[in-house]
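Coordinate inspection notes
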Amino acid sequence: MERRRLGDTGMELSLLGFGGFHLIEIPRAEAAKLLNVYLDRGGNYIETAASYGDGISERKIGESVSARRNEFTLATKTTERSREGYLRDVEQSLRNLRTEALDIVFMHAVQSEEDAKAILGPGGALEGALAAQRQGKIRFIGITAHGRPDGLLHAVRAHRFDALMTGFNYFDRFNFPAIEDELLPLCRERGVGVLAMKALGDGYLHRSARTALRYALSLPVAAVVAGMNSRAMLETDLAAAESFSPMGEEERERLYREAPELGDYVCRLCGDCAAGGFDPRSVFLLEGLYDRQMDSGRVDDAAEYALRERLKHWFGQRGAAREDYARLAAKVDPERDYGELNRLCPHGIDIDRKLKLAHAKLVDDGYL
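Along every chain, residues carry numbers that run from 1 in the direction the sequence is written. The predicted nature of this model means local features are confined to residues of pLDDT at least 70 and side-chain atom pairs, given and counted, to a pLDDT of 80 or more, with totals for whole chains, interfaces and linings taken over all residues. Here the side-chain values reflect all heavy atoms present in the structure, with hydrogen atoms and water set aside.

The subject of this paragraph is the packing of helix 8 (residues 209-217) against helix 10 (residues 249-258). Packed helices, taken two at a time, are described by the angle between their axes plus the distance between the axes. Structural elements are reduced to axes, namely lines fitted to C-alpha atoms, with helices fitted over the stretch in contact, and the angle between N-to-C directions of any two is expressed from 0 to 180 degrees. Strands here mean DSSP runs of E at least two residues long; helices mean DSSP runs of H or I at least four residues long; both are numbered from the N terminus. Direction vectors running N to C along helix 8 and helix 10 enclose 130°, while the axes themselves pass 12 Å from each other. Taken as axis vectors, helix 8 and helix 10 run oblique relative to one another. In this structure, helix 8 crosses over helix 10, and the sense of that crossing is left-handed. Where helix 8 approaches helix 10, its residues Thr211, Arg214 and Tyr215 are matched on the opposing element by Glu251, Arg252, Leu255 and Tyr256. Roughly parallel here means an angle under 35 degrees, roughly antiparallel means over 145, roughly perpendicular means 65 to 115, and every remaining angle is called oblique. Each helix crossing is assigned a hand: it is left-handed if the near helix lies turned anticlockwise from the far helix by less than a right angle, otherwise right-handed if that turn is clockwise. Should any heavy atoms of two residues lie within 4.5 Å, those residues are counted as being in contact.

Turning our eyes to something else, we now look at the side chain of Arg68. Checked against the element boundaries, Arg68 lands in the loop between helix 2 (56-65) and strand 5 (73-78). For every residue, the accessible area (1.4 Å probe, protein chains only) is compared with the maximum for its type, and the residue is labelled buried under 20%, exposed over 50%, or partly exposed between those bounds. On the accessibility criterion, Arg68 (17% relative accessible area) is buried. Pairs of N or O atoms are called polar contacts if they sit within 3.5 Å, as long as, within protein, a hydrogen donor faces a hydrogen acceptor (for residues adjacent in sequence, only side-chain-to-side-chain pairs). Within the local environment of Arg68, its side chain forms a polar contact with the side chain of Asp40, the two groups lying 2.9 Å apart. In this structure Arg68 touches Asn36, Leu39 and Asp40, once residues within four positions along its chain are discounted.

Across soluble globular proteins, nonpolar side chains show a tendency to be buried alongside one another. Definition used in this section: a nonpolar core is a set of buried Ala, Val, Leu, Ile, Met, Phe, Trp, Tyr and Cys residues joined via side-chain atoms within 4.5 Å. Membership of the largest hydrophobic core comes to 119 residues, with the highest contact counts inside it found for Ile46, Tyr86, Met107 and Val283. No other element matches helix 1 (residues 28-40), which puts 6 residues into this core. Ignoring sequence-local partners within four residues, the contact set of Val283 consists of Phe278, Tyr325, Leu328, Ala330, Val332, Leu355, Ala358 and Leu362.

We now examine the sheet that holds strand 8 (residues 163-167). Paired strands, in this sense, are two strands between which DSSP finds at least two bridges. With parallel pairing, 8 strands are arranged side by side around a closed barrel as 3-4-5-6-7-8-9-10. On average, each strand axis in the sheet is inclined to that of its neighbour by 30°, with strand direction left out of account. Bridging between strand 8 and strand 9 (residues 193-197) involves 5 bridges; their strand directions are parallel. Within strand 9, the residue paired with Leu164 across the bridge is Val194.

Bringing the pairing of strand 3 (residues 16-19) into the picture now. With burial as the criterion, each face of strand 3 is covered, one bearing Leu16 and Phe18 and the other bearing Gly17 and Gly19. Sheet topology note: the strand 3/strand 10 (residues 223-227) ladder contains 4 bridges and is parallel. If you follow Leu16 over to strand 10, its bridge partner there is Val224. Across 2 bridges, strand 3 lies against strand 4 (residues 45-47) in parallel orientation. Residue pairing across strands places Phe18 opposite Ile46, the latter belonging to strand 4. Here the term right-handed applies to a crossover when the path leading from its first strand over the helix to its second strand runs clockwise, the strands being oriented away from the viewer. After leaving strand 3, the chain enters helix 1 and then returns to the sheet as strand 4, a path that is right-handed.

Treat this as a map of the structure, not an account of what it does.
In structure tokens form, the structure reads like this:
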């Protein structure tokens, strides 16, 4: 399996990283088999979090592969925002994972500027990270978030982190475009190593798993970290990494046009419809923040609908979306007919209907 350098850390990581969240769903013996097969096949990055199953994931990893500790990079995460909380989690993670030192500890789910200021300020988690680093308990300091990268952008501008992880997939590309357009270039400029998670959109892209992994791996990231809880899932992900070839620009554009998960509802932000006198993109970006454009107001397939319902508010940013919409100068007029914009959309989106549905989501009086 190909390996890539993680920013300026000097570490070389396998294209596929093993994410530990879903290990909480399977028995210890099965978790051990998956982790050892992953290492046997050339994988060398295992990651978990203190909060996954209240330490269950960490303990399973420690029990399963601590004897092979010199074969892989080991990372965990903490949601603690204070110096004391960070250090407390690090000590517990060291015990759970049966190791004397952690390669990376991520400050997890730094969603907003307020979150970033909390970890960076006096008595914040960054102080704990620097102390643990001086003590030799951690090697590198990381940061993560989900969805719109406000917190990450603020944090990376304020401090040079060693590693960063967030979601990269061809569905959320159109919900949180600043991740690829602003955050990635900033990290490359500052030498911050980037890891991709959520390449399958939290499972929403399960029908297109290999394509989704290939898309994420074609970005300037060191590795894609995937959660795996079955041998079949592990084999699919290993095959995608072992046979990886970069996705060219024409392929990316074709994927944007034809991906079934994008269909005739998700706005591709192309701007063609802006020629109609009203630019819907600012509204659709806030709809993406609200529910990832997953609630189309249609129930075409029960299983897909149930999956969208489970995932649409995964990142908890509904409140921010409504606050931003309240400040938006050009709001949707529910009484206006925006039908003239429909013919301008190259993806067949009923923009009139979508604008009114998005408006109903973003105002504080419920759906239509």
